[in-house]
Structures are given as C-alpha cells and as structure tokens.
Amino acid sequence: MVRARRLLGIWRQKDGGCAGGRMSAGKDGPVLAAVQQGVCGVGDSWKSRRIVLGRTKMEIKVGVWRREPAKQAGDLRCLWTWESSGERSRDTVALSPGVTAMLVLLPATMFHLLLVARSGPARLLGPPTYLPGLEELWSPQALLLLFIWLALQVALYLLPARKVAEGLELKDKSRLRYPINGFQALVLTALLVGLGVSAGLPLGALPEMLLPLAFATTLTSFIFSLLLYMKALAAPVSALAPGGNSGEKGPNEVGVRHMGCLTVPSLSVIPPGNCIYDFFLGRELNPRLGSFDFKYFCELRPGLIGWVFINLALLIQEAELRGSPSLAMWLVNAFQLLYVGDALWYEESVLTTMDIIHDGFGFMLAFGDLAWVPFTYSLQAQFLLYHPQPLGLPMALLICLIKVIGYYIFRGANSQKNTFRKNPSDPSVAGLETIPTATGRQLLVSGWWGMVRHPNYLGDLIMALAWSLPCGVSHLLPYFYLLYFTALLVHREARDEQQCLRKYGRAWQEYCKRVPYRIIPYVY
Ligand code: NDP
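Residues numbered from 1 in each chain as written. Predicted model: local features only at pLDDT ≥ 70, side-chain atom pairs only at ≥ 80, totals over all residues. Heavy atoms only, no water.

Peer 1: Teacher, can you tell me more about the overall build of the protein chain here?
Peer 2: Counting its regular elements, the protein chain contains 20 helices and eleven strands. Residues counted as buried form 52% of the 524 residues belonging to the protein chain. In the protein chain, the proportion of contacts linking residues at least 24 apart, taken out of those at least 6 apart, comes to 73%. Surface exposure of the protein chain reaches about 23,200 Å², of which carbon and sulfur atoms provide 65%. (Helix = DSSP H or I, 4+ residues; strand = E, 2+ residues; numbered from the N terminus. Buried < 20%, exposed > 50% of the residue type's maximum accessible area, 1.4 Å probe, protein only. Contact = heavy atoms within 4.5 Å. Areas by Shrake-Rupley, 256 points an atom, 1.4 Å probe, with all protein chains shown as cover.)

Peer 1: Is there a simple way to think about helix α4 (residues 140-158) in this case?
Peer 2: Because an α-helix completes one turn every 3.6 residues, residues spaced three or four positions apart along the sequence face the same direction. An ideal rise of 1.5 Å per residue puts 27 Å on 19 residues; α4 measures up with 27 Å between its terminal C-alpha atoms. All of the buried residues along α4 are A142, L146, W149, L150, Q153, L156 and Y157. All buried residues of α4 fall inside an arc of 125° around its axis, so they share one side. Along α4, the residues that are exposed and aim more than 90 degrees away from the buried face are P140, Q141, L144, I148 and L158. (Expected span 1.5 Å × (residues − 1). Arc of directions from axis to C-beta.)

Peer 1: Any chance you could explain the nonpolar core here in plain terms?
Peer 2: Side chains of a nonpolar character, in soluble globular proteins, are inclined to be buried together. Grouped together as the largest cluster of nonpolar side chains are 124 residues, with contacts concentrated most on M110, F375 and L477. Among residues more than four places away in sequence, those in contact with L477 are L113, V116, A117, A122, L124, L379 and F383. (Core = buried A, V, L, I, M, F, W, Y, C linked by side-chain atoms within 4.5 Å.)

Peer 1: What is the right way to look at the pattern of salt bridges in this model?
Peer 2: Side-chain pairs of opposite charge can arise whenever the charged atoms involved come near each other. What the rule picks out here adds up to twelve salt bridges. R301 is paired through a salt bridge with E347; the nearest N and O atoms lie 2.7 Å apart. Note that R301 is positioned in the loop between α9 (294-300) and α10 (302-322) and E347 in the loop between α11 (327-345) and α12 (354-357), a separation of 46 residues in sequence. With relative accessibility at 1%, the residue E347 sits in the buried group. With a closest N to O distance of 2.5 Å, R495 and D359 form a salt bridge. Of this pair, R495 sits in helix α19 (residues 480-504) while D359 sits in the loop between α12 and α13 (363-377), placing them 136 residues apart in sequence. Exposure remark for D359: the relative accessible area of 7% places this residue in the buried category. (Salt bridge = Lys/Arg side-chain N within 4 Å of Asp/Glu carboxyl O.)

Peer 1: Can you help me understand the packing of aromatic side chains in this one?
Peer 2: A ring pair, where both rings are aromatic, is described by two values, the distance of the centres and the angle of the planes. Under the definition given, this model contains 33 aromatic pairs. Considering the side-chain rings of F292 and F297, the 5.2 Å spacing of their centres and the 50° angle between planes classify their relative orientation as tilted. Take F292: its relative accessible area is 11%, and that puts it in the buried class. With a centroid separation of 5.2 Å and 80° between ring planes, the pair formed by W307 and Y377 is classed as edge-to-face. With a gap of 70 residues between them, W307 in helix α10 and Y377 in helix α13 connect regions that are remote in the sequence. (Phe/Tyr/Trp six-rings, centres within 6.5 Å; stacked < 30°, edge-to-face > 60°.)

Peer 1: When you look at the UniProt feature "transmembrane region" (unreviewed entry) in the protein chain in this model, what are you seeing that I'm missing?
Peer 2: Per the UniProt entry, the sites bearing "transmembrane region" (unreviewed entry) are residues 93-117, 137-159, 180-203, 209-229, 361-379, 391-410 and 461-485 in this numbering. Secondary structure across residues 361-379 divides into 84% helix and 0% strand, with the first and last C-alpha atoms of the span separated by 25 Å. The annotated region residues 391-410 carries 90% helix and 0% strand content, and the separation between its end C-alpha atoms amounts to 26 Å. (UniProt positions renumbered as here; feature names shortened; annotations may be inferred.)

Peer 1: Just to check I follow, could you spell out the site of the ligand for this structure?
Peer 2: Lining the immediate environment of the ligand, one finds 26 residues, of which Y457, D460, R492, D496 and Y504 sit closest. A distance of 2.6 Å separates an oxygen atom of the ligand from a polar side-chain atom of R492. For the ligand, an oxygen atom lies 2.6 Å from a polar atom in the side chain of D496. Secondary structure elements with two or more residues in the shell around the ligand: α15 (393-422), β11 (442-444), α18 (455-468), α19 and α20 (506-514). A per-element tally of the shell around the ligand places α19 first, with eight residues. Looking at the shell around the ligand residue by residue, the class counts come to 15 nonpolar, four polar and seven charged. (Near = heavy atom within 4 Å. Polar contact = N/O pair within 3.5 Å; in protein donor to acceptor, adjacent residues only side chain to side chain. Nonpolar A, V, L, I, M, F, W, Y, C, P; charged D, E, K, R; others polar.)

See the structure below:
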C-alpha cells in the first residue's frame, strides 16, 4: 500500500516549459489522487492514466518512484504532466440545465409551500388553490422591513464578541478570524423585539406579510448572489472554492489550481466559465469586505434568527385568533428555538462544516440561508396557524421524548467530534478508538462515530420527525421538512464521503469497513 507523504513535482507547460514545487499529502493533487485510486504506485514508469479528481475526469501522464527508500518509505518522487482534462468542461455544461432548473425550482417550491400552508386543503402535492398577483407579492414595506432586519443583524455581528475564533487553514496557509457572538445576537434581538412588542409593534401581523417578505428576500438573494459572482471574477485563484469554477477547464489551469505550490503569473486568475453554474454554486470560498465575512454572517444569523421570530409571530397570531396558542404550536416553537439556540451557542463548530470550508458562496447558499430557511423551516407553525390540530398530553410527552432522543444523539455526536478535532487528548475523548491517517489526523471509530458514519445526521432527522408530529398525521405538508431534509442529508453524506475518501484515502476505506452504515444503523 502506498502512503504518499510528500510529492516533488515537475509540471510541464504545453509549450514545454517546466516549473517545480512541493506538495503535501493533504492536498487534493492529481498525482496523489492517482496514487490513492490505485492507478499508479511506487516504481511505475511514465504512462497515461485516467483518474477522477472531484467531478473532474482527467488523463494524466505520471511516473512515480521512491525518493529515499531507507529513511522515508512513504515518500515519493513524481513527474507528471497533463494530457487532457477536457471532460471537466463537458461535465459542467451537462450540469447547467440542472442548475438552471434549480434556480427556478427552489424559489417556486418555497412559494408553493407558503401558498398551500394557508390554503384549505393544504395539499403538498398538486397546485395551490390560487396564484397571487404581483400586487400581492411586491410590497415596499416588506422590502424595508427586510433591510431593517438585515441592518440590525449586521450591527449585532459587528458588536464586540466574547471570542474571536480562527477558521481552518486555507490554501494560501492563512486562517480567517470570525467573531463568536451569534448567541448574543439572538438574545439582543429577542430583547429588542420584546421592547418593540411592549411599545406596540404588531408582531402578530407578520404572518400576513410572509408572501411579500419572501418575495423581497428572493429578489435580494438574486441581486446579492450576482454581486458576489461579480466580485469573485476578480478573486485570486487561492480565494476560490473547489466547486463553482467552471472556467478552470484547460489542462494547465487545473494543474495550477491543484498544485497550489506553483506560481504561474499568467494563470493567477481563473477565467469565467459557465456563469449560471458558477453563479449558483458560488465561485469564491470566503467573500469578505474588510473583516466582514458574508457567508459566515448569512449562515447562522438573519435567516436562522428570522425563522424563530416568524414562528413567534405565528404563535402570537394564533393566540390573537383563538385566545391562546395551541399545545402543538408551543411544541413546534420550543423545539425549533432549541435548535436555533443550539446552533448559535455552538457557533464555532460551523467553522468546520462543509458550507464554510468547501462550498463557494453563491445563490445556493445565499438563497438557502436568507430565504429558504426562514420561510420553509417555519412551515409547521404556518400550517398550525391555518389548520389547528388537537394534541393530547400523552402524545405531546411522547413527541418530547422523541425530540430529546434526537437532540441527545445530535449534540453528543457533534460535540464528540468537535472536542476530538480540537484536542484529541481531552479526557472525554482520549479513550476512544481511532484510525490514523496519512494526513496526521485521526478518525474516530468508537463512540458515536463508531455507531454510524454520520450519527449527527441521524439525530437531526429524529428531531425533524419530532417537529412534524405535533401537526398530526392528516396532512403530508408538515412532513415536507422531514422528506426534504432526508434527501439533503443523504446527498450531503455522499459528498462528504467523497471528500473524506480524497482526504484520507485508504484510512477512510478502512473506517467504512469498520463502520459499514452511513446514517441509520442496520438500515442505511
Ligand atoms: P459533519 O459535522 O458531519 O462533518 C463531516 C466531517 O467530519 C468530515 O468531513 C470529517 O472532516 C469529519 N469526520 C467524519 N467522520 C469522522 C470520524 N469518524 N472521526 C472524526 N472526524 C470525522 O458535517 P456537516 O457540516 O454536514 O454537518 C454539521 C451539522 O449540521 C450536522 O449535525 C448536520 O445534521 C447539521 N446540518 C443541518 C442542516 C439544516 O439545514 N438543518 C443542513 C446541513 C447540516 P475532518 O476529518 O476534516 O474533520
């Protein structure tokens, strides 16, 4: 078995020129990928080989031999050149109809849910009972309210933080700094809204504004993503995300990108590629204005905090309509507040999620964070306002138990991994069994992460079930979140597996053998 620790490369340009550089095993370089995918190994002669690097299928010419056999058995010396990587551009073009469809389908689904939640039949499948006109969707007051909300969250983000955390190391070896004050923002928002309500702010009127608010947020997300895309066109290669850069299609560009250690001045900026694809996925990894990080800000603040205040407004309106909020409405509000409070309390752990370390910031995340989360995640509370459901105490207690079990697994798994990643010798994780990897990091193979490969997703899904159950079983609509979230997590799990396989190679394969189930023990 070949474990590549350090690779010495000579990269040949099309015109025959050469550049040399070093690359560590942790980087997702094509030569390392070739070694990990078993298409070449120590002592192999100079030959063409086909490898897969992310979504890129490429053909490289590579020769690999041992560098200092006696001293560093894992070390390799390589020579390589790109012969062809044209399939990447074909892949990207093939993806763009799907991406274009998503640009329309995501907002359309959100408006469909908003409309059917308030309609009599509340059918998840089938058309809504009416389609609103532009005069019902467009409201300058809603746009103003959205901007006030965003400005408030920006101001709270800029307040002094109890802690400033460093993110993971970037391609250029730097680390970004992030304020950890999301929970503080939630509490201060609650205080301000509480003061506003006691001074006569009609929070209960918010549900009537949901459609125009969602419309204003969708428009804003489109314009915001366009600005992000334009900003990213001038971003240096080192600032780009692994996806969302379809301009990176020529052989040399891919080589430069993945080697990282080589500097080729003429290719320091990747040219624009398929603009729809890049607009959707996001070209730049961490777009910032000074120290203000747009992706980090959007990830947990305006949308997530907005979601709990939409829920609260729905609860207040239910109380105004029916004298008091129903038990089902209380449960949905309490469960989802706990979820948002938890995300903000453990805000620092977002810095190691795929969204922050891997995904570019484009329409997918901007629309998802700003519009999709507050307007579709509040679907159960919206449904309950228009379709009250009786809920007895025994059933309520059973649902609470399901929520507690889900939360216990979710929090236990996330905290165990975060503690382990921060300090593997922490007494709470020091006794756990691990698998070493070539990168120097270890993989947990007992505890929560020995049960399934994504125990945190399992807990999250159990909690999602607990959010839907208070809405009864007469309609499918309140279970939309559970269905959508299952699809999202299955897809996310597959993406994460691919990345981990690239990162950890055979160690990851060994982990998969030891822990065969992905999310649900003995089922999946
Ligand atoms: P995870 O927190 O599951 O992190 C995956 C990473 O964990 C891997 O890339 C790897 O990174 C590390 N890892 C995997 N296996 C092991 C192991 N055995 N030992 C040690 N480290 C391991 O990823 P997500 O960002 O997808 O999820 C974070 C949370 O957010 C989850 O609880 C999820 O349910 C939730 N979530 C919620 C969403 C919502 O809309 N409500 C949407 C998406 C996620 P490395 O080795 O580099 O550390």
